[in-house]
2 protein chains.
Amino acid sequence: MAVYTEVPDDELAAFVVAYDIGEVVSFKGIAEGVENSNYLLATTGGRFILTLYEKRVDPADLPFFLELLQHLSANGLTCPQPVAGRDGEALRKLCGRPAALVTFLDGVSVRRPTAAQCAALGSALANLHEAGKGFGLKRPNALSVSGWRPLAEAARGRSHVVAPGLDETIAAELDALEAGFATLSLPEGVIHADLFPNNVFFLGEELSGLIDFYFACDDWLAYDLAICLNAWCFEPDQSFNVTKGRAMIEAYHAARPLLPEEIEALPLLARGAALRFLLTRLVDWLDTPPGALVKKLDPLEYLKKLRFHQQAADATAFGWRA
Amino acid sequence: MAVYTEVPDDELAAFVVAYDIGEVVSFKGIAEGVENSNYLLATTGGRFILTLYEKRVDPADLPFFLELLQHLSANGLTCPQPVAGRDGEALRKLCGRPAALVTFLDGVSVRRPTAAQCAALGSALANLHEAGKGFGLKRPNALSVSGWRPLAEAARGRSHVVAPGLDETIAAELDALEAGFATLSLPEGVIHADLFPNNVFFLGEELSGLIDFYFACDDWLAYDLAICLNAWCFEPDQSFNVTKGRAMIEAYHAARPLLPEEIEALPLLARGAALRFLLTRLVDWLDTPPGALVKKLDPLEYLKKLRFHQQAADATAFGWRA
């Protein structure tokens, strides 16, 4: 959540002439996204987000991300839309980094979503999955089940500082999920994979757009729903709010009907999604030096979510009504 | 250059209803100013900067800053204008911190000002000094000559890591400046005291506004000009650009005629301004732990400027034509 690369006015001016967007009116570094440098650029032609891709993003992935936004926009989803330069290219260089301009979306992200907002999210998620159909590029999910064991290894021997016995909890869960996931066969497609409330904009109760597609990849569509159940439907005390879960699942189902096997798999997918964020947060927690000005997200939050899902006999635990 | 306090959507909404500015449309933390948390807030009523004042700002100074912006705006200067709530108050609380809303200014700050931009700055600085007349509140300059010895003490014994013999250079300069400043008697008023290029916006060659008045105070007006000569008229190799200096001084003089004693004092004031930024940068440099994600400004830049000014026989060294 920072600007890593400062863009001087002269380099900005040279960059902007490649586009048909008029003259620069204002330019502010914004605190959005943890991975890249982001600027809010206003010109006589409109408002845009300028992103400079920093080291943690693989440049080989950028065509996937930008073409995906283009594809989703063209298919009716409200998300940032890449702006091509006069030469037709959306991806270019600025200050030695890959850089792209996308349209600005109005809206504000919510800290504590209401059930109505959870429903709006469920509907938008289904629309995203529908809009993703026919997208030609592929990107495997590096943070799905095959990526979890290396993360668990990275934390092993150190995780007890976060919670006693955490290594053992993770090892047992990993065994169970690797076995369980191997039995699943579910509809696949493009998923957002990180659709937390901070990546969703609202204007009042109206969902106004989705942002930050830099974890988007190919995976089971229902796994994306499981990520959102984790991210949206727990209360601050980590109790699951069944009303919100039901609102989200039913709204999703109304826009893209879930198959019986997707509904059956939800508890396992929710456990997987909980373990994925538990592991990445745990490794970040252990690897971030004390005093660093980076906001560390609490891994224990996801341990509590995991424990809830381990008790879920079926999707009714999340509010699903058969 | 960071957002220190995160403002959740619900607290923002509760804050905004105190104003007659419509509904929130977007809200972004921006990387502007080193001392406070700043947000760009767009509502159906316009665009604003929301500032939450963090620990380094003395709350007792806030009425001075906000009323000064009001006074300067009312007297024709283009600067952020505090927005009062429905109750007439411009200063209130948000997330436990003093907070204020000001109008948004278009424009982009320039990295390498041209001579024309230096002239525009000189003219705007004189206008600021004229507009400040009659302002009722007072704030002494804590970083004028009486504040330098404590800073020198704070760095003593450590400054050689920045440059060999720096303690001795500072001690000798401090003695000379304390003696020299004691002999001066110059027109006083409200000065900006930190009018670096990053605090000045341009739209093309046109100066569109001045921002960041959080060092503003009462001091000699010509000292503010000396600060600007330092901040605007040196080239990246730390050579003084006489064309830029002349452009700035003459434009200032045309808008607010300099007295002979102000012109005579310029070399001494420029040395003082150089020592002031040398000292604050030096202490920040020595006190910032390695690896901290704070941009450290180079104290040596100001040592080089100081050395230039020590050789200046009179104001013609800066381009002044008698």
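The residue numbering used here restarts from 1 in each chain and proceeds along that chain's sequence as written. Naming scheme: in the order in which they are written, chains are lettered from A and ligands are numbered from 1. Given that the model is predicted, a residue must reach a pLDDT of at least 70 before its local features are reported, and side-chain atom pairs must reach 80 or more before they are shown or counted; all residues, however, enter totals for whole chains, interfaces and linings. Side-chain descriptors were evaluated using all non-hydrogen atoms of the structure, hydrogens and water having been removed beforehand.

### Describing helix H6 (residues 221–232) of chain B
Move 1: Secondary structure elements follow DSSP: runs of H or I of four or more residues count as helices, runs of E of two or more count as strands, with numbering from the N terminus. For a helix, the expected span equals 1.5 Å multiplied by the residue count minus one. In this model, H6(B) (12 residues) spans 17 Å end to end at C-alpha, consistent with the 16 Å of a helix rising 1.5 Å per residue.
Move 2: Whether a residue is buried, partly exposed or exposed follows from its accessible area with a 1.4 Å probe, protein chains only, as a fraction of its type maximum: under 20%, in between, or over 50%, in that order. The buried fraction of H6(B) is high, at 12 of 12 residues.

### Quick notes on the domain arrangement of chain A
Residues and elements named next belong to chain A.
Move 1: Throughout, the edges of the domains are those of an automatic or database domain assignment. Here chain A is described as being made up of domain 1 (9–103) and domain 2 (115–318).
Move 2: The distance between the C-alpha centroids of domain 1 and domain 2 comes to 28 Å.
Move 3: Defined in terms of a 1.4 Å probe, buried area is the accessible area two parts forfeit on being brought together, summed over both. The junction of domain 1 with domain 2 conceals about 1700 Å² of combined surface from both sides, 74% of it contributed by carbon and sulfur atoms.
Move 4: Throughout this description, the term salt bridge denotes a Lys or Arg side-chain nitrogen within 4 Å of a carboxyl oxygen of Asp or Glu. Our enumeration of links across domain 1 and domain 2 arrives at one salt bridge.
Move 5: A salt bridge links Asp61 to Arg139; its shortest N-O distance comes to 3.2 Å.
Move 6: Pairs of N or O atoms are called polar contacts if they sit within 3.5 Å, as long as, within protein, a hydrogen donor faces a hydrogen acceptor (for residues adjacent in sequence, only side-chain-to-side-chain pairs). At the boundary of domain 1 and domain 2, one finds five residue pairs in polar contact (both at pLDDT 80 or more).
Move 7: The biggest single contributor to the side of domain 1 that touches domain 2 is helix H2 (residues 62–74), with eight residues.
Move 8: Note on residue categories: nonpolar means Ala, Val, Leu, Ile, Met, Phe, Trp, Tyr, Cys or Pro, charged means Asp, Glu, Lys or Arg, and polar means any other residue, Gly included. By residue class, the composition of the side of domain 1 that touches domain 2 is 10 nonpolar, six polar and four charged.

### Some words on the packing of aromatic side chains
All names here are of chain A.
Move 1: Between the rings of Phe, Tyr and Trp (Trp by its six-membered ring), a pair exists once the centres lie within 6.5 Å; its type follows the angle of the planes, with under 30 degrees stacked, over 60 edge-to-face, and the other angles tilted. On inspection of all chains with the given rule, the structure shows 34 aromatic pairs over all chains.
Move 2: Both rings, one in Phe277 and one in Tyr302, keep their centres 5.5 Å apart while their planes meet at 40°; by these two values the pair is tilted. Residue Phe277 is located in helix H8 (residues 260–287), and its partner Tyr302 is located in helix H9 (residues 299–310); the two are separated by 25 residues in the primary sequence.
Move 3: With a relative accessible area of 6%, Phe277 lands in the buried category.
Move 4: Take Tyr302: its relative accessible area is 0%, and that puts it in the buried class.

### Observations regarding the side chain of A:Asn141
All names here are of chain A.
Move 1: Positionally, Asn141 belongs in the loop between helix H3 (115–131) and helix H4 (145–155).
Move 2: Overall, the relative accessible area of 14% leaves Asn141 in the buried class.
Move 3: Polar side-chain contacts of Asn141 include one of 3.0 Å to the backbone nitrogen of Leu143.
Move 4: Engagement of the side chain of Asn141 in a polar contact is seen with the side chain of Asp219, the distance being 2.8 Å.
Move 5: Working rule for contacts: check all heavy atoms of both residues, and any pair within 4.5 Å makes them a contact. Residues contacting Asn141, with those up to four places away along its chain left out, are Ile191, Cys217, Asp218, Asp219 and Tyr223.

### Some points on the relation of the copies chain B and chain A
Move 1: With an RMSD of 0.1 Å, the operation that places chain B on chain A is a rotation of 180° combined with a shift of 0.0 Å along the axis. When the rotation and shift are considered jointly, the pair of chain copies conforms to a two-fold rotation axis. Distance from the rotation axis, computed per C-alpha, reaches its smallest value in chain B at B:Ile30: 2.1 Å. Least squares is the method used to superpose the copies, on C-alpha atoms of residues holding a pLDDT of at least 70 in both.

### Some remarks on H9(A)
Residues and elements named next belong to chain A.
Move 1: With 12 residues, H9 should reach 16 Å at 1.5 Å per residue; the first-to-last C-alpha distance of 17 Å fits that figure.
Move 2: What H9 keeps buried is the set Pro299, Tyr302, Leu303, Lys305, Leu306 and His309. The arc enclosing the buried residues of H9, seen along the axis, measures out at 165°, which places them on a common side.
Move 3: Where H9 is buried, its residues touch helix H5 (166–182), helix H6 (221–232) and H8.
Move 4: For H9, the capping residue at the N-terminal end is Asp298, with a side-chain oxygen 2.9 Å from the backbone nitrogen of Leu300. This arc is taken over the directions from the axis of the helix to the C-beta atoms.

### A few points about the interface of chain B and chain A
Move 1: Taken together, the 31 residues of chain B in the interface contact 31 residues of chain A.
Move 2: Taken over both partners, the interface formed by chain B and chain A buries close to 2500 Å², and the fraction arising from carbon and sulfur atoms is 58%.
Move 3: When residues of chain B are sorted by the area they lose upon contact with chain A, B:Asp9, B:Lys28 and B:Arg111 head the list and together hold 24% of the total.
Move 4: The tally of links from chain B across to chain A stands at two salt bridges.
Move 5: For the pair chain B and chain A, the interface holds eight residue pairs in polar contact (both at pLDDT 80 or more).
Move 6: Secondary structure elements with two or more residues in the side of chain B that touches chain A: helix H1 (9–16), strand E1 (24–30) and strand E7 (200–203) of chain B.
Move 7: For the side of chain B that touches chain A, the per-class residue count stands at 16 nonpolar, four polar and 11 charged.

### Some details on the packing of helix H3 (residues 115–131) of chain B against helix H7 (residues 242–255) of chain B
Residues and elements named next belong to chain B.
Move 1: At their nearest, the axes of H3 and H7 sit 7 Å apart, and the two run at 30° to each other. Here H3 is positioned roughly parallel relative to H7, judged by the angle of their axes. As H3 runs across H7, the sense of the crossing is right-handed. Residues Ala115, Cys118, Ala119, Leu121, Gly122, Ser123, Leu125, Ala126, Asn127, His129 and Glu130 of H3 touch H7, and the partners they reach there are Thr243, Lys244, Ala247, Met248, Ala251, Tyr252 and Ala255.
Move 2: A breakdown of the residues in the contact of H3 with H7 according to their chemical character gives 11 nonpolar, five polar and two charged. All axes here are fitted lines through C-alpha atoms, helices being fitted over the stretch that makes contact, and every angle between N-to-C directions spans 0 to 180 degrees. For classification purposes, angles smaller than 35 degrees are called roughly parallel, those larger than 145 roughly antiparallel, those between 65 and 115 roughly perpendicular, and all remaining angles oblique. With the far helix as reference, a near helix turned anticlockwise by less than a right angle produces a left-handed crossing, and one turned clockwise produces a right-handed crossing.

### Details of the nonpolar core
Move 1: Of all hydrophobic cores here, the largest spans 185 residues; its most connected members are A:Phe213, A:Trp232, A:Leu269, B:Phe213, B:Trp232 and B:Leu269.
Move 2: Excluding residues that lie within four positions of it along the chain, A:Phe213 makes contacts with A:Phe65, A:Leu68, A:Leu69, A:Leu72, A:Leu77, A:Cys79, A:Pro80, A:Leu128 and A:His192. Residues enter a nonpolar core if they are buried and are Ala, Val, Leu, Ile, Met, Phe, Trp, Tyr or Cys, with the set joined through side-chain atoms within 4.5 Å.

### Considerations on the environment of B:Ala226
Move 1: If you trace the backbone, B:Ala226 turns up in helix H6.
Move 2: Here the alpha-carbon distance between B:Ala226 and B:Leu41, two residues 185 residues apart in the chain, equals 35 Å.

### A closer look at empty space enclosed by the protein
Move 1: Definitions used throughout: a 1 Å grid over protein atoms alone; a cavity as a set of points that fits a 1.4 Å probe which cannot get out; a pocket as an open set with protein on both sides within 12 Å along at least five of seven lines; a lining residue as one with an atom within 4 Å of a point. Grid points are joined across faces, edges and corners, and a volume is the space filled by probe spheres set on the points. A full pass over the atoms with the stated rule returns one cavity of 30 Å³ or more.
Move 2: Considered as a void within the structure, the largest cavity measures approximately 60 Å³ in volume.
Move 3: Every residue along the wall of the largest cavity is listed here: A:Ser26, A:Leu40, A:Ala42, A:Arg47, A:Phe104, B:Ser26, B:Leu40, B:Arg47 and B:Phe104.
Move 4: Taken together, the residues of the lining of the largest cavity sort by class into five nonpolar, two polar and two charged.

### A word on the pattern of salt bridges
Residues and elements named next belong to chain A.
Move 1: Following the criterion strictly, the structure yields 36 salt bridges over all chains and no others.
Move 2: For Glu235, the salt bridge identified is with Lys244, shortest N-O distance 2.9 Å.
Move 3: For Glu235, a relative accessible area of 23% corresponds to the partly exposed category.
Move 4: Residue classification places Lys244 among the buried residues on the basis of a relative accessible area of 11%.
Move 5: When salt bridges with common partners are traced through the structure, they connect Arg149, Asp175 and Glu178 into a single cluster.

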